[in-house]
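Reading the structure
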Amino acid sequence: MSDYLRILIVAGGTGGHILPAISFGRWVEERNLPAKIIYLCGSRELEVGIYEALGISPIIVPLSGSPFGVRGFRALLRWKELAISLVKARKLVKKIMPDVILLFGGYLSVPFVLASPFIHAPIVAHEQNAVAGKATKLCSKRGIPILTGWEECLYLDPGTFTPVGIPIRKIKFMDRQTAWESLGGEGIVPPKKFVMVMGGSLGGYSLKQSIIEVAKRDTLKNHMFMLIGGDGRSGIQQISCNVLSVPPSWDLSAHFSLADYAVTRCGASTLSELICYDVPGVLVPWEDAADGHQLMNAKLFLHLGKGKIWRENESIDLLEDMLLEVSNLQRILNYDKCDAKRNEICVRFWDAMSFSMKGEGPIGRV
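Calculation criteria
Residues numbered from 1 in each chain as written. Predicted model: local features only at pLDDT ≥ 70, side-chain atom pairs only at ≥ 80, totals over all residues. Heavy atoms only, no water. 1 Å grid on protein atoms, 1.4 Å probe; cavity = no way out; pocket = protein on both sides within 12 Å on 5 of 7 lines; lining within 4 Å. Points joined across faces, edges and corners; volume = space filled by probe spheres on them. Nonpolar A, V, L, I, M, F, W, Y, C, P; charged D, E, K, R; others polar. Pairing = 2+ DSSP bridges. Helix = DSSP H or I, 4+ residues; strand = E, 2+ residues; numbered from the N terminus. Axes fitted to C-alpha atoms, helices over the stretch in contact; angles between N-to-C directions. Contact = heavy atoms within 4.5 Å. Expected span 1.5 Å × (residues − 1). Buried < 20%, exposed > 50% of the residue type's maximum accessible area, 1.4 Å probe, protein only.

Under the definition given, this model contains 1 cavity of 30 Å³ or more. Of the volumes computed, that of the largest cavity is approximately 40 Å³. Taken together, Leu-63, Gly-65, Ser-66, Pro-67, Phe-68, Leu-82, Tyr-107 and Val-110 make up the full set of residues lining the largest cavity. In terms of residue class, the lining of the largest cavity is built from 6 nonpolar, 2 polar and no charged.

Set out below in C-alpha cells:
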C-alpha cells in the first residue's frame, strides 16, 4: 500500500446515490486526508451531467440501468451492458489497484458485487435509504460490509450493518438579498416566506402541479414557492404571483439561504440535508418508489427533523393546512453546528470504512 489510500467510489443512477458519494469525497479532500478519490459512474446522461456540473471527470462504464423491471429489446440491451460492465469492472480494478471500493447503491453496484470473488480489494457498500435496495441485499448475501444512512434498514438484520448517516453537501450560507440575486432575482428580495420545492430526479411533475394549485389559496399569498429544476433557462421564471421556476442546480447554497421551509420528495440525501440545516418540511413521498422506501425515509425523518407527511391521494385542503403549520415552525440555523453535524457523519463513515479494510470481520453497530 502506498502512502495514501486509493479509494474507488462507484456511484451512478440518480443524484440520491451520486451526491452523498461526492460529498464524502469532497470531505476527504477538505480534511487533507491521505487518500486519492477516483469516481466511476454509468453512461446515463443524468449521472454524467451531475459529475460534469460539479467539475468531476469520472470513469464511465457502458451501463445505463438495471435489466430488471424492463422488457423486450431494452432488457436484452441492459443484460448485454451488464455482462460488458462485469468484465470491465474486473479490468478497471486490476488497473487502478484501489485500496478500497465504496459502492453507493443502485444498479451500478451490481457488476462489482458479482465480480467481488475475483476482486482483490476490500468492498464497502453504503445504503442511503431506510429500505435496502436490490444491490444492498446482494451485498449482504455476499458478506460485503454495509453502512447505512439511518438507524433502521428494512430487509437487513440488526447487527449486520453500521449506521453512519448520509454524507451531505456543504452549504455556503449568504444573506437573503445576495441569495435572491444569485438565483437571478431582480430588485429587492420579496418580503415573503420562501419555500424550496424539490421534486427529486424522478417523480417531480405531479408534486409541482399540486403546489401550483395550492399556491392559489388566499392563505398562502404571502408564501413564495421556488420550483427547483425549471426548463433549464437562466434566471427565475415567474409562473404566478407567488410561484417561481428556478433553474436546476447541484449547488443549493442560495436556495437553503432563502428557504423558510421546504416541500420535497423523500430521497434520503435530501432529507438528511434538511435535518442538518434545520429546514422544516412538508414531505411528499413518491408513491412509485421501490418498496415504498420514500415513505419509510419520511417516517424516520420525523424522529430527527421537523415537518409533516402529505400523501398525494390526500386532499389539497390538507396540504394547505400542513403548509401553514410547517411554515410556522422556527428554523434555528447555527452554522458551526451544521458543519459539526456534517463532519460527524463523514468521520463515522471514514472510521467504519477503515475498520472494514482491516479484515476484522462484519461491521457491528456503532
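There is more to say, and it comes next.
With respect to topology, 7 strands assemble into an open sheet ordered β10-β11-β9-β8-β12-β13-β14, the strand pairing being mixed. Each edge of the sheet is formed by a strand with only one pairing partner; in this case those strands are β10 (237-240) and β14 (307-309). Pairwise comparison of adjacent strand axes, ignoring direction, gives a mean angle of 20° for this sheet. For β10 and strand β11 (residues 243-246), the ladder comprises 3 bridges, and the chain directions are antiparallel. Each residue of the ladder has a partner; that of Ser-240, found in β11, is Val-243. Those strands touched by helix α9 (residues 268-276) are β8 (193-198), β12 (261-264) and β13 (281-283), and its axis lies near 170° from that of β12.

With 25 residues, helix α3 (residues 72-96) should reach 36 Å at 1.5 Å per residue; the first-to-last C-alpha distance of 35 Å fits that figure. All of the buried residues in α3 are Ala-75, Arg-78, Glu-81, Leu-82, Ser-85, Ala-89, Leu-92, Val-93 and Ile-96. If you follow the buried residues of α3, they end up packed against β1 (5-10), β2 (35-41), β3 (59-60), β4 (100-103) and α4 (110-114). A positive phi of about 55° marks Met-97, the residue just after α3.

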